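Observations on chain architecture
Here's the letter readout for the chains.
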Amino acid sequence: MTKGKTSFVYVTYIVSTPEKVFEAITRADIARRYWGHENVSDWRPGSRWQHVRANDARTVELVGDVVEILPPTRLVITWASASQASNPEAYSRVTFEIEEYENMVRLTVTHDELEAGSGMAKGISKGWPIVLSSLKSFLETGRALDVFAKPKAA
């Protein structure tokens, strides 16, 4: 019996340019400032990318391949936990679509091919909103959010 698949879509509008949004996703030195991780790759189709924790341990937490790249409007990558990198069934796909809207950008992130009910599906449904909110804050104000923040105790 095969497990069902699910997807997660997040759309936000950012007062910025497509170039700056694309750069913020693909440049390690920028991503570390709002994401707490660096996205490391040469960003060519077929190349590997790694999601590296921006701390002294430099832990590789996620891995994947660059499927498609059309700067500054589209990036498609595969995505898996580093601990499951050797399992082809563990991979999902993330598509970043960047569309110019007058003086702003519409960023649509679609994370699909996720195993329904999996830890990854649950994790990204909480992770993407804070990461993309932090990206928006960073590009608009120069100040990122704490993407590792936890809810206050009731």
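Scroll up a little and you will see the structure.
Keep in mind that this is a model prediction, so the values were computed, not measured. (Residues numbered from 1 in each chain as written. Predicted model: local features only at pLDDT ≥ 70, side-chain atom pairs only at ≥ 80, totals over all residues. Heavy atoms only, no water.)

**Overview of the sheet that holds strand 6 (residues 92-101)**
Overall, antiparallel pairing links the seven strands, which are arranged 1-7-6-5-4-3-2 in an open sheet. On the outer flanks of this sheet lie strand 1 (5-14) and strand 2 (37-40), each paired with one strand and no other. Sheet twist, expressed as the average angle between the axes of neighbouring strands with direction ignored, equals 20°. Summarising the sheet, strand 2 and strand 3 (residues 48-53) pair through four bridges and their orientation is antiparallel. Bridge assignment links asparagine 39 to a residue of strand 3, and that residue is histidine 51. (Pairing = 2+ DSSP bridges. Helix = DSSP H or I, 4+ residues; strand = E, 2+ residues; numbered from the N terminus. Axes fitted to C-alpha atoms, helices over the stretch in contact; angles between N-to-C directions.)

**Overview of the packing of helix 2 (residues 28-35) against helix 3 (residues 119-141)**
Here helix 2 crosses helix 3 at 110°, and the two axes come no closer than 8 Å. By the angle between their directions, the pair helix 2 and helix 3 is classed as roughly perpendicular. Seen along the crossing, helix 2 lies across helix 3 with a hand that is right-handed. Taken together, the residues of helix 3 that come into contact with helix 2 (itself represented by Ile30, Arg33, Tyr34 and Trp35) are Trp128, Val131, Ser134, Leu135 and Phe138. The residue makeup of the contact of helix 2 with helix 3, split by class, is seven nonpolar, one polar and one charged. (Parallel < 35°, antiparallel > 145°, perpendicular 65-115°, else oblique. Left-handed = near helix turned anticlockwise from the far one by under 90°. Contact = heavy atoms within 4.5 Å. Nonpolar A, V, L, I, M, F, W, Y, C, P; charged D, E, K, R; others polar.)

**Things to note about empty space enclosed by the protein**
The full count for this structure, using the stated rule, is one cavity of 30 Å³ or more. In this structure, the largest cavity spans a volume of roughly 40 Å³. Together, Ile25, Trp35, Asn39, Trp43, Trp49, Leu75, Ile77, Trp79, Phe96 and Trp128 line the largest cavity. At three residues, the largest contribution of residues to the lining of the largest cavity is made by strand 5 (residues 74-81). When the residues that make up the lining of the largest cavity are grouped by side-chain class, the tally is nine nonpolar, one polar and no charged. (1 Å grid on protein atoms, 1.4 Å probe; cavity = no way out; pocket = protein on both sides within 12 Å on 5 of 7 lines; lining within 4 Å. Points joined across faces, edges and corners; volume = space filled by probe spheres on them.)

**With respect to the side chain of histidine 111**
Locating histidine 111 in the fold gives a position in strand 7 (residues 104-115). Accessibility expressed as a relative area gives 0% for histidine 111, which makes it buried. At a separation of 2.7 Å, a polar atom in the side chain of histidine 111 contacts the side chain of serine 92. In this structure histidine 111 touches Thr6, Ser7, Phe8, Trp79, Ser92, Arg93, Val94, Ile124 and Trp128, once residues within four positions along its chain are discounted. (Buried < 20%, exposed > 50% of the residue type's maximum accessible area, 1.4 Å probe, protein only. Polar contact = N/O pair within 3.5 Å; in protein donor to acceptor, adjacent residues only side chain to side chain.)

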